[in-house]
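One-letter residues, chain by chain:
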Amino acid sequence: MKRLLVLLCFPLAVMAAPANSPPLDLSLNQSLDSIVASRFKPELPGVAALVIKDGQPLLRKGYGMANVELGVAVRPEHVFRIGSTTKLFTATAIMLLVDEGRIALDAPISRYLPRAPKAWNRVTVEHLLTHTSGIPNLTMDSGYWRTTARLEHTLDELVAPARTRPLVSAPGTVFAYNNTGYHLLGQIIEQVTGQEFYAFIDARIARPLGLAHTGPGDDKTFHPGLVTGYQAGPKPAWLLANSNLHAAGGMVSTVDELATFMLALQGGKLVSPANVQRMNASHVLPNGKATGYGLGEWVRTVNGRHLVGHGGYIFNFYSQLEMDIDSGIVAVTLHNGDKLGGDNEELSKRLIVAAQGGPADIAVK
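Residues numbered from 1 in each chain as written. Predicted model: local features only at pLDDT ≥ 70, side-chain atom pairs only at ≥ 80, totals over all residues. Heavy atoms only, no water.

Caption draft 1: Representation of the overall build of the chain in the model. A count of helical and extended segments in the chain gives eleven helices and 13 strands. Here the C-alpha atoms of the chain give a radius of gyration of 20 Å, agreeing with the 21 Å that 2.2 N^0.38 yields for 365 residues. A principal-axis box enclosing the C-alpha atoms of the chain has dimensions of 60 × 45 × 35 Å. Taking the contacts inside the chain whose residues are at least 6 apart along the sequence as the reference set, 69% of them involve residues at least 24 apart. Distance between charge centroids for the chain: 4 Å, based on 32 positive and 30 negative side chains. (Helix = DSSP H or I, 4+ residues; strand = E, 2+ residues; numbered from the N terminus. Rg over C-alpha atoms; globule rule 2.2 N^0.38 Å. Contact = heavy atoms within 4.5 Å. Lys, Arg positive; Asp, Glu negative; His and termini not counted. Charge placed at Lys NZ, Arg CZ, Asp CG, Glu CD.)

Below, the structure is given as structure tokens:
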């Protein structure tokens, strides 16, 4: 019953709109609504969806259940685990410190991590950001999610096994998505600032932007409005120690606050415009191949527009934060089921294309 009261009493957090804001485009709202509603059954785990343009919501709605057992419906102000969308916050924190001259992208990470092994001497901060470091991704170890991930570890304990292993590729030569690399970025932030990772995120990003429900998703923190996760069935989500996700995927947030964060980042309010452009540019390998990933962001072209953002999955939550930086459209989808409503990345891109006025049948994969 306490859980039910928390979910029902969570305060509404609507994005502020200027007094002279234009009226909602009802036709477009209905079109966006139908795109989401067709994917989610009211009685199953659902999604909070937000689409905004020029600072105004085109769609802001919850679908399905925040808690199936208690019959609590999703509301757009509910809090979700965002998984790897956390990486965009981590990259933003690094770029803040780059702007301040406290971190250099081309510096070897050993400059900031005294315990880095000699094998990492050619690994730079930029390599970690772009997933090209060659450092082993420990979350790919056999059994990791059934053993290591279920017991609480410190950040240092999470990265320690990588120090004794050889690189899997020469630094800068191969793109391989790497959670361990982002844990190391979290360590760098702590070493450089003298602050715990989440404390720095709160002080430099969350509090200045008024993000009251964006922060650590560990199991010891009380999160008013946090929805329940489900795997297929629906059945309860896999158990794991959420503190282990840390700088690679450990945060919680809401659709409103993620949109606020993205707009502030792209508007140059957190990171200098020049470094935002660096974040938004696809990294290019020495062989000339673009990776489709910048500095903490996936980078792609859909319907002729430049999209940047990040998605995340953690048992059993999906998140997608996407922005068309040509038109200023932002789409956020937060889902608490194991793909019970399909692919969140495809859904968010579909919503952006619809908000652009693009054809409904355009390929967005």
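Caption draft 2: Local environment of the pairing of strand β13 (residues 329-335). Of all seven residues in β13, seven are buried; the element is thus mostly enclosed. The two faces of β13 match: Ile-329, Ala-331, Thr-333 and His-335 on one face and Val-330, Val-332 and Leu-334 on the other face are all buried. Relative to β13, strand β1 (residues 47-53) is paired through six bridges, and the arrangement is antiparallel. Bridging from a neighbouring strand, Ala-48 pairs with Leu-334 of β13. Where strand β12 (residues 317-324) meets β13, seven bridges bridge the pair, whose relative direction is antiparallel. (Buried < 20%, exposed > 50% of the residue type's maximum accessible area, 1.4 Å probe, protein only. Pairing = 2+ DSSP bridges.)

Caption draft 3: Region of the structure containing the packing of helix α2 (residues 26-37) against helix α11 (residues 344-356). Between α2 and α11, the shortest axis-to-axis distance is 10 Å and the interhelical angle comes to 165°. On the basis of the axis angle, α2 is roughly antiparallel to α11. Note on packing geometry: the crossing formed by α2 with α11 is right-handed. Counting all contacts with α2, which are made through Leu-28, Leu-32, Ile-35 and Val-36, the residues of α11 involved are Leu-347, Arg-350, Leu-351, Ala-354 and Ala-355. (Axes fitted to C-alpha atoms, helices over the stretch in contact; angles between N-to-C directions. Parallel < 35°, antiparallel > 145°, perpendicular 65-115°, else oblique. Left-handed = near helix turned anticlockwise from the far one by under 90°.)

Caption draft 4: Here's a closer look at the sheet that holds strand β10 (residues 298-302). Strand order across the open sheet formed by six strands is β2-β1-β13-β12-β11-β10, with antiparallel pairing between neighbours. Among the strands making up the open sheet, the edge pair consists of β2 (56-63) and β10. Neighbour-to-neighbour, the strand axes of the sheet open up by a mean angle of 15°, direction not taken into account. Here strand β11 (residues 305-314) pairs with β12 via eight bridges, running antiparallel. Across the sheet, the residue bridging to Gly-311 is Gln-320, located in β12. Packing of α2 onto the sheet brings it into contact with β1 and β2, and relative to β2 it is tilted by some 30°.

Caption draft 5: Structural view of the sheet that holds strand β9 (residues 251-253). Ordered by their spatial adjacency, three strands build an open sheet running β5-β9-β6, and the pairing between neighbours is antiparallel. Across the chains shown, the open sheet's two edge strands, defined by having one partner strand only, are β5 (80-81) and β6 (215-216). As paired elements, β5 and β9 share two bridges and run antiparallel to each other. Paired with Phe-80 across the bridge in β9 is Ser-253.

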